[in-house]
Amino acid sequence: MLEGCTPWPEEVARDYLSSGCWQAGSLADMLEAGARQWPERPCLSDNSGTLSYAELNRLTERVAGEFLAAGLQPRDIVLLQLPNIREFVIVFFALHRIGVVPVMCLPAHRHSELAYFAQLTGARAHIFAQGYRGYDFLAMAREVQAGAPALTLLFATGSGTAPDVRYLAPMMEAASAAVDGEKPLADPGDVAFLLLSGGTTGVPKLIPRTHADYLYNARICASVLGWDAGTVFLAALPAAHNFALGAPGIIAALAVGAGVALCASTDAEDVFAAIERHRVTVLPATPALIIALMNSPRREQYDLSSLRQILVGGQRMLPELFDRVRGTFAGAIPLHAFGMAEGLTNLTRPDDTAAVQRETQGRPVSPLDEFRIVDEAGAAVPAGEVGELIVRGPYTIRGYYRAEEHNRNAFTADGYFRTGDLVRLHPTGNLVVDGRMKDMINRGGEKISAEEIENLILSHQAVQMVAVVAMPDPVMGERSCAFVIAKNGATLTLAGLNEFLMTKRIAKFKLPERLELLESFPVTAMGKVSKKALRERIAGKLQSENAA
Ligand code: J2J
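Computed from a predicted structure; not experimentally measured.

So, how was this worked out
- Residues numbered from 1 in each chain as written.
- Predicted model: local features only at pLDDT ≥ 70, side-chain atom pairs only at ≥ 80, totals over all residues.
- Heavy atoms only, no water.
- Helix = DSSP H or I, 4+ residues; strand = E, 2+ residues; numbered from the N terminus.
- Rg over C-alpha atoms; globule rule 2.2 N^0.38 Å.
- Buried < 20%, exposed > 50% of the residue type's maximum accessible area, 1.4 Å probe, protein only.
- Areas by Shrake-Rupley, 256 points an atom, 1.4 Å probe, with all protein chains shown as cover.
- Lys, Arg positive; Asp, Glu negative; His and termini not counted.
- Charge placed at Lys NZ, Arg CZ, Asp CG, Glu CD.
- Near = heavy atom within 4 Å.
- Polar contact = N/O pair within 3.5 Å; in protein donor to acceptor, adjacent residues only side chain to side chain.
- Axes fitted to C-alpha atoms, helices over the stretch in contact; angles between N-to-C directions.
- Parallel < 35°, antiparallel > 145°, perpendicular 65-115°, else oblique.
- Left-handed = near helix turned anticlockwise from the far one by under 90°.
- Contact = heavy atoms within 4.5 Å.
- Nonpolar A, V, L, I, M, F, W, Y, C, P; charged D, E, K, R; others polar.
- Disulfide = S-S within 2.5 Å.
- Domains from an automatic or database assignment.
- Buried area = accessible area lost by both parts, 1.4 Å probe.
- Salt bridge = Lys/Arg side-chain N within 4 Å of Asp/Glu carboxyl O.
- Pairing = 2+ DSSP bridges.

1. Digging into the overall build of the protein
Moving on, step 1. Within the protein, the secondary structure is distributed over 18 helices and 25 strands.
Moving on, step 2. Here the protein has a C-alpha radius of gyration of 23 Å; the compact-globule value for 548 residues is 24 Å, and the two agree.
Moving on, step 3. In terms of overall dimensions, the protein has C-alpha extents of about 70 × 55 × 55 Å along its principal axes.
Moving on, step 4. Put simply, the protein has 548 residues, and 59% of those count as buried.
Moving on, step 5. Split by element, the accessible area of the protein, about 21,800 Å² in all, is 51% carbon and sulfur.
Moving on, step 6. With 52 positive and 60 negative side-chain charges, the protein shows a separation of 2 Å between the mean positions of the two kinds.

2. Examining the site of the ligand
Moving on, step 1. Not every one of the 18 residues close to the ligand is listed here, only the nearest: Ala247, Ala337, Ala341, Asp421 and Lys438.
Moving on, step 2. Within the side chain of Asn242, a nitrogen or oxygen atom sits 3.0 Å from an oxygen atom of the ligand.
Moving on, step 3. Note that an oxygen atom of the ligand is positioned 2.7 Å from one of the side-chain N or O atoms of Lys438.
Moving on, step 4. Burial of the ligand by the protein amounts to 94% of the accessible area it has alone, namely 610 Å².
Moving on, step 5. When contributions to the shell around the ligand are tallied by element, the ones reaching two or more residues are α9 (242-245) and β14 (333-340).

3. Here's the deal with the packing of helix α5 (residues 111-121) against helix α6 (residues 137-146)
Moving on, step 1. Running from N to C, α5 and α6 cross one another at 40°; their axes reach a closest spacing of 9 Å. The orientation of α5 with respect to α6, classified from their angle, is oblique. When the axes of α5 and α6 are compared, the crossing they make is right-handed. Here His111, Leu114, Ala115 and Ala118 of α5 lie close against α6, whose contacting residues are Met140, Glu143 and Val144.
Moving on, step 2. Across the contact of α5 with α6, the residue classes break down as five nonpolar, one polar and one charged.

4. Some remarks on unusual backbone geometry
Moving on, step 1. A cis geometry characterises the amide bond from Ala247 onward to Pro248, with omega recorded as -5°.
Moving on, step 2. Relative to the assigned elements, Pro248 resides in the loop between α9 and α10 (250-255).
Moving on, step 3. At Arg75, a residue that is not glycine, the phi angle is positive and equals roughly 75°.
Moving on, step 4. In this fold, Arg75 is placed in the loop between α3 (53-70) and β3 (77-81).
Moving on, step 5. Residue Arg505 is not a glycine yet carries a positive backbone phi of 55°.
Moving on, step 6. Mapping Arg505 onto the fold places it in the loop between α17 (494-502) and β25 (514-517).
Moving on, step 7. Looking at Arg505, the relative accessible area reads 33%, which means it is partly exposed.

5. Some details on the state of the cysteines
Moving on, step 1. Scanning the model with the defined rule gives zero disulfides in all.
Moving on, step 2. With no disulfide of its own, Cys263 lies 18 Å from the sulfur of Cys43, the closest cysteine sulfur.
Moving on, step 3. On the basis of relative accessibility, which here comes to 6%, the residue Cys263 falls in the buried class.

6. Notes on the domain arrangement of the protein
Moving on, step 1. Annotation of the protein at the domain level lists domain 1 (45-184) and domain 2 (440-547).
Moving on, step 2. Measuring from the centre of the C-alpha atoms in domain 1 to the corresponding centre in domain 2 gives 36 Å.
Moving on, step 3. Counting residues at the interface gives eight residues for domain 1 and nine residues for domain 2.
Moving on, step 4. Between domain 1 and domain 2 lies a buried interface of about 580 Å² when both sides are counted; carbon and sulfur atoms form 51% of it.
Moving on, step 5. Put simply, domain 1 and domain 2 have two salt bridges between them.
Moving on, step 6. Measuring nitrogen to oxygen at the nearest pair gives 2.7 Å for the salt bridge that ties Arg505 to Glu143.

7. Regarding the side chain of Glu452
Moving on, step 1. Assignment of secondary structure puts Glu452 in helix α16 (residues 450-458).
Moving on, step 2. Within the structure, Glu452 has its side chain in polar contact with the side chain of Lys510 (distance 2.7 Å).

8. Looking at the sheet that holds strand β17 (residues 370-374)
Moving on, step 1. Taken together, four strands build an open sheet; the order of strands is β17-β18-β19-β20 and the sheet is antiparallel. Because the sheet does not close on itself, it has two edges, and the strands there are β17 and β20 (431-436). Here the strands of the sheet are splayed against their neighbours by 45° on average, with no regard to which way each runs.
Moving on, step 2. Sheet analysis places strand β18 (residues 387-392) next to strand β19 (residues 417-425), joined by four bridges and oriented antiparallel. Paired with Glu388 across the strands is Leu422, a residue of β19.

9. Let's talk about the pattern of salt bridges
Moving on, step 1. Summed over all chains, the structure comprises 30 salt bridges.
Moving on, step 2. With its nearest N and O atoms 3.0 Å apart, the salt bridge here joins Arg392 to Glu370. Here Arg392, found in strand β18, pairs with Glu370, found in strand β17; they are 22 residues apart in sequence, far enough to count as distant.
Moving on, step 3. Using a relative accessible area of 30% as the deciding quantity, one classes Glu370 as partly exposed.
Moving on, step 4. Put simply, Glu478 and Arg436 hold a salt bridge, and the shortest N to O gap is 2.8 Å. Taken together, the residues Glu478 in strand β24 (residues 477-486) and Arg436 in strand β20 connect sequence positions 42 residues apart.
Moving on, step 5. When its relative accessible area of 18% is taken as the criterion, Glu478 is described as buried.
Moving on, step 6. Each of the salt bridges in this network shares a partner with another, and the network as a whole consists of Glu32, Arg36, Glu61 and Arg97.

Here it is as structure tokens:
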């Protein structure tokens, strides 16, 4: 396994192999098999048209050859930062053909995050979209490169003439032979890519997912949902996220010969247009996205009748929202997806009763997923009571990348991942998410680590103490609120604080959306800042503001 990663214990791995859930073959092998089995089938659609399985496979071969020719080698790590455009999928599989491991960065990430990933992994290349959403990714890439000696290669979408950049458009046209004779990586235990964790720590953790575990995760999701060649999956949520990528996402669709459509924006009209144009049957969405779609006055102008499944996840879909989705999209069932980049995927099933579909967040997709609901001492809580969900299984990691110390707490001694989610068991055996223990803000499905932002805010000269907490929001579910105790005589405004934070060059979605100045913080019996009291305080304040 890649250095810095924790393998499954040998006897456990043997069981997963002998039970057939882990199979030989890489993600690239899966695509190649698809290209052999159903070469002409529509595979990947975006605004520029549709590629068949054979065409996509051929393109990935070419690009893989070009990557090798540029000097990338098996087990090199690269920063992959592309939006939902066809190059995302082409590059993703091209890297897997040659055993190169991408860090699945988001287009929203900026210098600070990328520099950290580059430094942690020793990344050799950065692959980005030129000018996406008007941002100068090339300038950022060069700056990141300046601080990362191993990062010698830049790849940009489109074409151009910068001598230090290789361009994907000509690479996709090149009839490269460099990969011929080269056998795609086929060790099922090898790491395929590094996902980003939702994060509760000062710096984001990277999640190593192997070919075998991810293919199993994706395949079993597709099977539970009954996907087949008639399925058309739409990725409008960022494809680099576990939800849209595979669980249950793009890889799950491609594993069963389904079609994948990509939409590079989550604007309601763009999503509607993509559904209509590609006759989409499956739409994954966060509650925030589905609310935006339902609130859009333009919905009636599009033909959305192809939709069969609306998967809602990333945040809890309340029963009332479930009802609204059902009433709005006739012909489609809303299903809960309660998953995590670390592994475990829970889904409600198309054949669950309406009550189970409405009230629970589903159950694990694999019979080999072992989960427990425990109290603070690690003992199982009585059935039906709330506790922390811990889990291990054939596609849940045993450790974060290069995070030995953190891993000692994030996993139990017997290999269970502590999800930080508070759940209870529904009488049907499904899970109901009740809250969480982890210190983060879940902003419309995008996770923000409180500690990461607190550390940055603390470096502001006017700040003496800070606590960042979630405040309720009708659309995003949560937004972040910074409580600050200012230094003697100093003042601070939200605009001033955010201007300061932007100089730290972080993803914009992490900025606090409200600032509350206090003289002192409420504390717990242990003398620690009580975030619970702060959350209640801001929730109460918002309620009275709304009532006024
Ligand atoms: C409540 N909380 C949820 C849900 C995620 C499918 C869907 C989502 C993710 C994802 C994913 C929730 N109800 N339906 O990877 O494959 C919160 C929990 C969880 C955390 C994980 C997938 N769905 N959550 O959101 O790694 O707190 O994955 O532990 O981004 O989101 O976040 P992330």
